[in-house]
Structure formats: C-alpha cells, structure tokens
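So you can see what is in the structure, the chains are spelled out below.
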Amino acid sequence: MFGFWKTWKALEARGIMGINRRNADYVLKYNKRSLYPIVDDKIITKERAIAAGIHVPELYGVISTEKEIDKLDEIIGGRSDFVIKPAQGAGGDGILVIADRFEGRYRTVSGKIISHEEIEHQISSILTGLYSLGGHRDRALIEYRVVPDQIFKSISYEGVPDIRIIVLMGYPVMAMLRLPTRQSGGKANLHQGAIGVGVDLATGLTLRGTWLNNIITKHPDTTNAVDGVQLPNWDGFMKLAAGCYELCGLGYIGVDMVLDQEKGPLILELNARPGLNIQIANDCGLTLRTHAVEARLEELKTAGVTETPEERVKFAQEMFGHIPAVEG
Ligand SMILES: Nc1ncnc2c1ncn2[C@@H]1O[C@H](COP(=O)(O)OP(=O)(O)O)[C@@H](O)[C@H]1O
Ligand SMILES: [Mg+2]
C-alpha cells in the first residue's frame, strides 16, 4: 500500500522534482506566458512545426463552428481512418481514433462501432469546450491516423505509443516511452491507464516501467518485457526534441513524439507543464539533471557562446546516460 510513497521518498533524496518546484523554478521561470498558445493549441503547434520543417501528422481539416460540422464528410473524403481531437485538449480526453469503416459506420482503434451522428456529437462537445483547458470554446482538428512502427507490436496494446522527452532550454533531460494498454483505449496517456517506461538518454534502451503508480517489468496485456527494448532512430528523436526549443521558444517543455510505420518520427504535441511521473519510470530525479543543464548554461554564458541542437544532444547523452560509456 505504501510502496509508491516509499519509492517517492527514496527518489526525493536523489533530486526528485515536486510540483511546486516544477512550477516555480521551471514552468514560470522558463516559459513566457505569451508563448503558451503555441503549445496549448495543437493547430498552432502544427503550423509552427510545418514552418520549421518538422514532421507532424497531416492535418485534414479544422471545424470551428457548429455549422462547419456539415463539412465533416468532405474533410474525411474517402479515407477510412483518421483522428478527431480537441485543439486545446489534454490528457487524451475527447480524442477519437478511427481505424476503419464498418457497414456505414466507423470502428475505433479499440473496436467500438460508432455512427456518423455520434462523431458529429463528439465534435459538437469539443466546440463547446468540454475538453479544453479552462472550458473555453475550442476547435476540432481532423488529422492523419498514425500507424505505429512494428517494433512496438510486442509491447503495446492497440493504439500508438508515444515518446516523451523533457527539454530544458533545448537540452533533453529525461525520456519516457508510453505504451497504451487495454485500459487506456488506444491512447498513451498515463492517467488513461497507459504504461510509462523510462528510456536511457544515451542509447534509447528502455528501462523499467510504471503502471498506475506501480513498478512493472511486463506489459499487462501482452505479458512481454517492457525493459531492454532498443528504440529505433534514437539520436533522431533526441535531435527532434532538442530542436523544439527553437520551434516554440519555451524553455521547459515535454515533447511528445511518435514513430509512424511509413512516415518515421513525427511530433504529436508539446506540453508546457510536463508531468513528473517520468522520474519514477527512470528511477531518477529531474533536479539533478536540470541543475547540470543550468550549470552548463552559466558556463556557456560566461564564455559568450551557445550550442546547436546537435551539441546539446551530445551533452545530454554524455551527462545523463544510465549506462556508462566504455571505460578507458
Ligand atoms: N494522429 C494520431 N494517430 C493515432 N493516435 C493518436 C493520434 N493523435 C493522438 N493519438 C493518441 O492519443 C494520445 C494523446 O494524443 P495527444 O495529441 O498527445 O493529446 P493530449 O494532449 O490529449 O495528450 C497519443 O499519445 C496517442 O496515443
Ligand atoms: Mg499527449
């Protein structure tokens, strides 16, 4: 019963970051308020990413008013799979992942059959602000459905796993792979019941997992081990994440990426208040690493230089790898 609390206390000694420190010393300090819309609205994030040459799931269309719901058929066109989501949603709420058509209806990624009217109703709920931060009126976006790379087949259940990297001033500090479960309905959000697995920044090898605040080693649905898996194209993900600092200008972000079977690494979204559970999955506190980056920034400031995304990735991999480099 107290297992989670004990873990948390043990981590505290190793520089765990709590919510107050995160907000005061990182979110407030490094994230300019005026830049929030870039990350809090997924349509704006997409536009920015495209302008910067960063790949994202293709946008099929946007619905902003009740009247525009009539355009849904036209936006979907002949496609049989697509995703509908609130532009200002969070935590996986309000997202509809359609995997197929079935007898004049649609099949969601978790196998539920729904009608066109139900989709329209969902869009209407999105527009009223049911899923948006602060309950403001929102827009619905319709986009390409990501088909996960085969590598995830044995360790994921339906849906798309995502890779989260926390980035401070362009320096990756910690990473986590999130795996959907039967419970999470095809979404990779931890509070929907997905698994969080730590990732070694140096190599892209997965570490241990956490599920509903317990430490686990196997996926509950597939029973395959979640640790020791080599994520493909790891340096590419690290570079993509590091480059998001230039993309949005926010200094403390969580970058969420996916690996599409055909399109490769894509940015799904950016988060200005990334969660803290990533520390459990990595068995490591964030402050040890953020302090190291802050010390580095001081050093560079004195020398009057800045680093490129490649240099920042190299620094992070040398400093924060779990597996020590070959000793000489
Ligand atoms: N285009 C997509 N294709 C397939 N699955 C998606 C897509 N967009 C989102 N998802 C699933 O839903 C989860 C949450 O999506 P995301 O865009 O990060 O919104 P939120 O802000 O609610 O977390 C993702 O981690 C992924 O599992
Ligand atoms: Mg997300």
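Quick note: structure is the one above.
The paragraphs below set out a description of the structure included in this document.

The rules behind these values
- Residues numbered from 1 in each chain as written.
- Chains lettered and ligands numbered in written order.
- Predicted model: local features only at pLDDT ≥ 70, side-chain atom pairs only at ≥ 80, totals over all residues.
- Heavy atoms only, no water.
- 1 Å grid on protein atoms, 1.4 Å probe; cavity = no way out; pocket = protein on both sides within 12 Å on 5 of 7 lines; lining within 4 Å.
- Points joined across faces, edges and corners; volume = space filled by probe spheres on them.
- Helix = DSSP H or I, 4+ residues; strand = E, 2+ residues; numbered from the N terminus.
- Nonpolar A, V, L, I, M, F, W, Y, C, P; charged D, E, K, R; others polar.
- Domains from an automatic or database assignment.
- Buried < 20%, exposed > 50% of the residue type's maximum accessible area, 1.4 Å probe, protein only.
- Pairing = 2+ DSSP bridges.
- Axes fitted to C-alpha atoms, helices over the stretch in contact; angles between N-to-C directions.
- Contact = heavy atoms within 4.5 Å.
- Expected span 1.5 Å × (residues − 1).

Another point: the layout of surface pockets. As a volume, the largest pocket reaches approximately 510 Å³. Considering the residues around the largest pocket, the lining is formed by 25 residues, among which G91, R164, N271, R273 and G275 are closest to the centre. When contributions to the lining of the largest pocket are tallied by element, the ones reaching two or more residues are helix 3 (36-40), strand 8 (171-179) and strand 13 (264-271). Tallied by class, residues from the lining of the largest pocket come to 11 nonpolar, 7 polar and 7 charged. Counting contributing residues, the lining of the largest pocket receives three or more from each of domain 1 (3-40 + 149-320) and domain 2 (58-143).

Attention now goes to the pairing of strand 2 (residues 82-86). Look at any regular strand and the pattern is simple: side chains alternate between the two faces of the sheet. The buried count for strand 2 comes to 5 of 5 residues, which makes it a mostly enclosed element. Strand direction decides the pairing type here: strand 2 and strand 3 (residues 96-102), joined by 3 bridges, are antiparallel. By the bridge assignment for strand 3, V83 is matched with V97. Alignment of strand 2 against strand 6 (residues 140-143), held across 4 bridges, turns out to be antiparallel. By the bridge assignment for strand 6, P86 is matched with A140.

Before going further, it helps to examine the sheet that holds strand 9 (residues 195-199). Spatially, 7 strands are ordered 11-10-9-8-7-12-13 in an open sheet, and the strand pairing comes out antiparallel. Both edges of this open sheet fall to strand 11 (214-216) and strand 13, since each of them pairs with a single strand only. With strand direction ignored, the average angle separating the axes of adjacent strands in the sheet is 30 degrees. Inspection of the sheet shows strand 7 (residues 162-168) paired to strand 12 (residues 252-260) by 6 bridges, in the antiparallel sense. By the bridge assignment for strand 12, V167 is matched with I253. Where helix 2 (residues 19-30) meets the sheet, it contacts strand 7 and strand 12, and its direction lies at approximately 80 degrees from that of strand 12.

On inspection of all chains with the given rule, the structure shows 2 cavities of 30 Å³ or more. The computed volume of the largest cavity comes to approximately 380 Å³. Residue lining of the largest cavity: 27 residues in total, with K85, I95, K187, N189 and L268 positioned closest to the centre. Of all elements in the fold, only strand 2, strand 12 and strand 13 reach the threshold of two or more residues within the lining of the largest cavity. For the lining of the largest cavity, the leading source of residues is strand 2, giving 3 residues. Class assignment of the residues belonging to the lining of the largest cavity gives a composition of 11 nonpolar, 6 polar and 10 charged. Taken domain by domain, the makeup of the lining of the largest cavity includes at least three residues from each of domain 1 (3-40 + 149-320) and domain 2 (58-143). Its volume calculated, the second largest cavity comes out at about 60 Å³. Lining the second largest cavity, in full, are K42, T45, K46, A49, V56, K85, E143, I267, L268 and E269. Mapped by element, the contributors of at least two residues to the lining of the second largest cavity are helix 4 (42-51) and strand 13. Among the elements that line the lining of the second largest cavity, the one with the most residues is helix 4, at 4 residues. Residues belonging to the lining of the second largest cavity are distributed by class as follows: 4 nonpolar, 1 polar and 5 charged.

So, about helix 9 (residues 286-303). Helix length check: helix 9, at 18 residues, gives a terminal C-alpha distance of 26 Å against a target of 26 Å (1.5 Å per residue), a fit within 8%. Taken residue by residue, helix 9 has L286, T287, R289, T290, A292, V293, E294 and L300 as its buried positions. As for helix 9, its buried residues are in contact with helix 2, strand 7, strand 8, strand 12, helix 8 (278-282) and helix 10 (309-320). Two residues or fewer past helix 9, G304 is found with a positive phi of approximately 70 degrees.

Backbone geometry at E158 places phi at a positive 50 degrees, although glycine is not the residue there. When you line up the elements, E158 lands in the loop between strand 6 and strand 7. The phi dihedral of N233 falls on the positive side, at around 55 degrees, and the residue is not glycine. Here N233 is to be found in the loop between strand 11 and helix 7 (234-248). Here N233 falls in the partly exposed class, since its relative accessible area comes to 44%.

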